[in-house]
Amino acid sequence: MILTGKRALVTGGAVRVGKAIVEALQAEGVEVVVHYRDSEAAAKALSPHAERADLESMAECAALIERAGPLDILINNASLFTKDRLADATPERALRELNVNLLAPMELMRQFAARAQTGAVINLLDRRVRANDAACLPYSISKKGLEELTKLAALDLAPGIRVNAVAPGPILPPPGSDGTGFAEMAGKVPLELFPSPADIAEAALFLLKADYCTGQVIYVDGGQHLLGNGV
Ligand SMILES: NC(=O)c1ccc[n+]([C@@H]2O[C@H](COP(=O)([O-])OP(=O)(O)OC[C@H]3O[C@@H](n4cnc5c(N)ncnc54)[C@H](OP(=O)(O)O)[C@@H]3O)[C@@H](O)[C@H]2O)c1
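Let me begin by describing the structure that accompanies this report.

The rules behind the values
Residues numbered from 1 in each chain as written. Predicted model: local features only at pLDDT ≥ 70, side-chain atom pairs only at ≥ 80, totals over all residues. Heavy atoms only, no water. 1 Å grid on protein atoms, 1.4 Å probe; cavity = no way out; pocket = protein on both sides within 12 Å on 5 of 7 lines; lining within 4 Å. Points joined across faces, edges and corners; volume = space filled by probe spheres on them. Helix = DSSP H or I, 4+ residues; strand = E, 2+ residues; numbered from the N terminus. Nonpolar A, V, L, I, M, F, W, Y, C, P; charged D, E, K, R; others polar. Near = heavy atom within 4 Å. Polar contact = N/O pair within 3.5 Å; in protein donor to acceptor, adjacent residues only side chain to side chain. Areas by Shrake-Rupley, 256 points an atom, 1.4 Å probe, with all protein chains shown as cover. Sits in = over half its atoms within 2 Å of the grid points. Expected span 1.5 Å × (residues − 1). Buried < 20%, exposed > 50% of the residue type's maximum accessible area, 1.4 Å probe, protein only. Contact = heavy atoms within 4.5 Å. Phe/Tyr/Trp six-rings, centres within 6.5 Å; stacked < 30°, edge-to-face > 60°. Axes fitted to C-alpha atoms, helices over the stretch in contact; angles between N-to-C directions. Parallel < 35°, antiparallel > 145°, perpendicular 65-115°, else oblique. Left-handed = near helix turned anticlockwise from the far one by under 90°.

## Thoughts on the layout of surface pockets
Its volume calculated, the largest pocket comes out at about 1300 Å³. Lining of the largest pocket is provided by 48 residues; of these, Arg 16, Ser 79, Leu 80, Phe 81 and Pro 175 occupy positions nearest its centre. Of all the secondary structure elements, the ones that give two or more residues to the lining of the largest pocket are α1 (16–27), β2 (31–36), α5 (137–157) and α6 (182–186). Across the lining of the largest pocket, the residue classes break down as 25 nonpolar, twelve polar and eleven charged.

## A few points about the site of the ligand
Arg 16, Asp 38, Ser 39, Leu 55 and Ile 171 are the nearest of the 28 residues found near the ligand. Leu 172 places a main-chain nitrogen or oxygen 3.1 Å from an oxygen atom of the ligand. When the free accessible area of the ligand is taken as 880 Å², the share hidden by the protein chains comes to 92%. Taken atom by atom, the bulk of the ligand overlaps the largest pocket. Taken together, the elements giving at least two residues each to the shell around the ligand come down to α1, β2 and α5. For the shell around the ligand, the residue count by class is 15 nonpolar, six polar and seven charged.

## Some thoughts on empty space enclosed by the protein
Scanning the model with the defined rule gives one cavity of 30 Å³ or more in all. Along the walls of the largest cavity sit Ile 65, Gly 69, Pro 70, Leu 71, Phe 112, Arg 115 and Ala 116, which together make up its complete lining. In terms of residue class, the lining of the largest cavity is built from five nonpolar, one polar and one charged.

## Examining α5
Note that an α-helix has 3.6 residues per turn; residues three or four places apart therefore point the same way. Its 21 residues give α5 an end-to-end C-alpha distance of 29 Å, which sits within 8% of 30 Å, the value for a rise of 1.5 Å per residue. Every buried residue of α5 is accounted for by Pro 138, Tyr 139, Ser 140, Ser 142, Lys 143, Leu 146, Glu 147, Leu 149, Thr 150, Ala 153 and Ala 154. Looking at the buried residues of α5, the elements they touch are α4 (91–115), β5 (119–124), β6 (161–168) and β7 (217–220).

## Re the packing of aromatic side chains
As enumerated under the stated definition, the model contains two aromatic pairs in all. Ring centres 4.7 Å apart and planes at 85° place the aromatic pair Phe 81 and Tyr 139 in the edge-to-face group. Residue Phe 81 is found in the loop between β4 (73–76) and α4, and its partner Tyr 139 is found in helix α5; the two are separated by 58 residues along the sequence. Relative accessible area serves as the criterion here: at 28%, Phe 81 is assigned to the partly exposed category. What makes Tyr 139 buried here is its relative accessible area of 6%.

## Let's talk about helix α7 (residues 197–209)
With 13 residues, α7 should reach 18 Å at 1.5 Å per residue; the first-to-last C-alpha distance of 19 Å fits that figure. Along α7, the residues classified as buried are Pro 197, Ile 200, Ala 201, Ala 203, Ala 204, Leu 205, Leu 207 and Leu 208. Considering only its buried residues, α7 is in contact with α1, β4, β5, β6 and β7.

## Examining the side chain of His 35
Tracing the sequence through the fold places His 35 in strand β2. A distance of 2.9 Å separates the side chain of His 35 from the backbone nitrogen of Gly 12, its partner in a polar contact. Only 2.8 Å separates the side chain of His 35 from the backbone oxygen of Ala 53, close enough to count as a polar contact. Not counting chain neighbours up to four residues away, the residues in contact with His 35 comprise Leu 9, Val 10, Thr 11, Gly 12, Gly 13, Ala 14, Glu 51, Arg 52, Ala 53, Leu 55 and Leu 64.

## Topic: the packing of α4 against α5
Two elements in contact, α4 and α5, have axes separated by 8 Å at closest approach and are oriented at 15°. By the angle class used here, α4 and α5 are roughly parallel. For the element pair α4 and α5, the recorded crossing hand is right-handed. On α5, the residues that touch Ala 94, Glu 97, Leu 98, Asn 101, Leu 102, Pro 105, Met 106, Met 109 and Ala 113 of α4 are Pro 138, Tyr 139, Ile 141, Ser 142, Gly 145, Leu 146, Leu 149, Ala 153 and Leu 157. Partitioning the contact of α4 with α5 into residue classes produces 14 nonpolar, three polar and one charged.

Scope: geometric values only; no functional claims are made or implied.
In structure tokens, the structure reads:
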């Protein structure tokens, strides 16, 4: 795909990794609709086209695609991360994470594909899809589900729409954390390098341009996924 002149929606695109993806797309000449929930000022500072939606609501997901207008690219970046073990994962709490991280990307893809004959989708996973991290159980299930959804949707939407994923390792401490102990928490990284948000954006750009790739996952994690649970 030639990116210049295309139009993209980036969910959670106002800050952090999403912002890096928005800026990388804009540098390629892509018109970007920035989705936000709370980060309104940051979203509006990045793009004249910013749209609010709470991705816990599937009705709001559908309305978001409608308001975004004709799209060539969908980046499912928004995410909810909680450190819930099984004991904490009440149906209410688990559903919030499953909605934002799995069902919202599914509904956004469904609505995107209902309107676009051609295009490309990138789903943001986590290197934890290759591990079993019970310390964030609903989050892990949602990202593992999103990996499977990436492959299923890639098959279902071919040949017109390609669906790929980027799986980051530890990049930034969770929102609200001051970063204390992040390196220790992140664990062992074989390459002894933390990827930056810009590194994630670069992988996303590669997959958007790679007309021969669908159903692929690129791990941008310094090799951490190779260790499985051994981090
Ligand atoms: N950071 C890391 O080290 C890391 C590691 C592995 C994987 N990842 C993955 O990479 C992606 C980006 O990471 P990140 O750390 O930049 O993400 P993040 O800061 O945790 O979340 C990105 C945005 O998601 C939006 N969001 C959360 N709940 C929402 C809801 N109910 N409705 C609508 N929007 C909602 C928020 O937008 P507003 O601010 O507008 O409310 C938030 O800024 C995520 O998919 C994450 O799982 C990140």
